[in-house]
Amino acid sequence: MAVDPLIELHGVNKHFGELHVLRDIDLTVGKGEVVVVIGPSGSGKSTLCRAINRLETVESGTIRLDGRPLPEEGRALARLRADVGMVFQSFNLFAHKTVLQNVSLAQIKVRKHAREAADSRSLELLDRVGLAAQAPKYPAQLSGGQQQRVAIARALAMEPKALLFDEPTSALDPEMINEVLEVMRQLARDGMTMVVVTHEMGFARSAANRVVFMDDGRIVEDRPPEEFFTAPRTERAKDFLSKILKH
């Protein structure tokens, strides 16, 4: 079935010094699709994720969002970043602002919403991630899992066309991982376009439309999760899966 493309990468290359971290990447993510990117450390997953909203520049190739090339800098780039939300491994919340202020800030500054409207929307979103009661607290008073859910609410507050997740649970204690993944599963069910770099194979299996397996800067496989996990085509993917699915 043809999906309307939202994120398109063609022939994308990126080096860090001598290291060729993205090699001729071609990837299309359709509207409403959840694409989970997996692979060994250093395979280029996070760089790929960060290139989509220009946190990393690329040397060659094109990246388009909703049919338009990524802007270079300035206001257009700020708008792009509002359209493509990003949730990082470290929650990046402002420590001196309350949870509510953290979620409202960019709505007021970037989207130019009035404070009352922003706060009202923020409370709805905090409720959606199960944290309405924590609105007056500061990030330091929350658990890691709660902070990450606030970060997701903050990204959603911009009404993004897509959300990028760069290992959103890797800094969390095991018992907090599921509360974050549950919020992400709900977003997937609601039709949010998502690119998720993660080590959580259960999430990849249950929530992804496609699994993209990267190794050494290349996309090695790009397939529905059921096919990928039950019958990987490449030796590299078989080897990777045998190591992580043993335990």
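Each value, and the rule that gives it
Residues numbered from 1 in each chain as written. Predicted model: local features only at pLDDT ≥ 70, side-chain atom pairs only at ≥ 80, totals over all residues. Heavy atoms only, no water. UniProt positions renumbered as here; feature names shortened; annotations may be inferred. 1 Å grid on protein atoms, 1.4 Å probe; cavity = no way out; pocket = protein on both sides within 12 Å on 5 of 7 lines; lining within 4 Å. Points joined across faces, edges and corners; volume = space filled by probe spheres on them. Helix = DSSP H or I, 4+ residues; strand = E, 2+ residues; numbered from the N terminus. Nonpolar A, V, L, I, M, F, W, Y, C, P; charged D, E, K, R; others polar. Pairing = 2+ DSSP bridges. Axes fitted to C-alpha atoms, helices over the stretch in contact; angles between N-to-C directions. Contact = heavy atoms within 4.5 Å. Expected span 1.5 Å × (residues − 1). Buried < 20%, exposed > 50% of the residue type's maximum accessible area, 1.4 Å probe, protein only.

- Labelled according to an unreviewed UniProt entry, the chain appears under the name ABC-type polar-amino-acid transporter, originating from Streptomyces adustus.
- Per UniProt, the chain carries the Catalytic activity (unreviewed entry) text "a polar amino acid(out) + ATP + H2O = a polar amino acid(in) + ADP + phosphate + H(+)".
- You can read under Sequence similarities (unreviewed entry) in the UniProt record for the chain the words "Belongs to the ABC transporter superfamily."

## With respect to the layout of surface pockets
Item 1. As a volume, the largest pocket reaches approximately 500 Å³.
Item 2. Residue lining of the largest pocket: 21 residues in total, with Arg 81, Met 86, Ala 106, Arg 154 and Met 158 positioned closest to the centre.
Item 3. Residue assignment for the lining of the largest pocket shows that the elements contributing at least two residues are α2 (74–83), β6 (84–87), α3 (99–109) and α5 (144–156).
Item 4. For the lining of the largest pocket, the class distribution of residues is 14 nonpolar, four polar and three charged.

## Brief notes about the sheet that holds β6
Item 1. The mixed open sheet is built from six strands, whose spatial order is β6-β7-β8-β3-β9-β10. Two strands close off the open sheet at either side, each with one partner strand: β6 and β10 (218–223). Averaged over all pairs of adjacent strands, the angle between their axes in this sheet comes to 15°, without regard to strand direction.
Item 2. Of the strands in this sheet, β3 (34–38), β7 (162–166) and β8 (193–197) are in contact with helix α6 (residues 174–189), which crosses β8 at around 145°.
Item 3. Where helix α9 (residues 235–244) meets the sheet, its contacts fall on β3, β9 (210–215) and β10, and the angle it forms with β9 comes to roughly 100°.

## Regarding the pairing of strand β2 (residues 19–30)
Item 1. Direction of pairing for strand β1 (residues 5–16) relative to β2: antiparallel, over a ladder of eight bridges. Within β2, the residue paired with Ile 7 across the bridge is Val 29.
Item 2. The hairpin turn running from β1 into β2, its antiparallel successor, is two residues long, and Gly 17 in that turn takes a positive phi close to 60°.

## Regarding α5
Item 1. Along its 13 residues, α5 runs 18 Å from first to last C-alpha, staying within 8% of the 18 Å computed at 1.5 Å per residue.
Item 2. Burial of α5 is extensive: 13 of the 13 residues sit out of reach of the surface.

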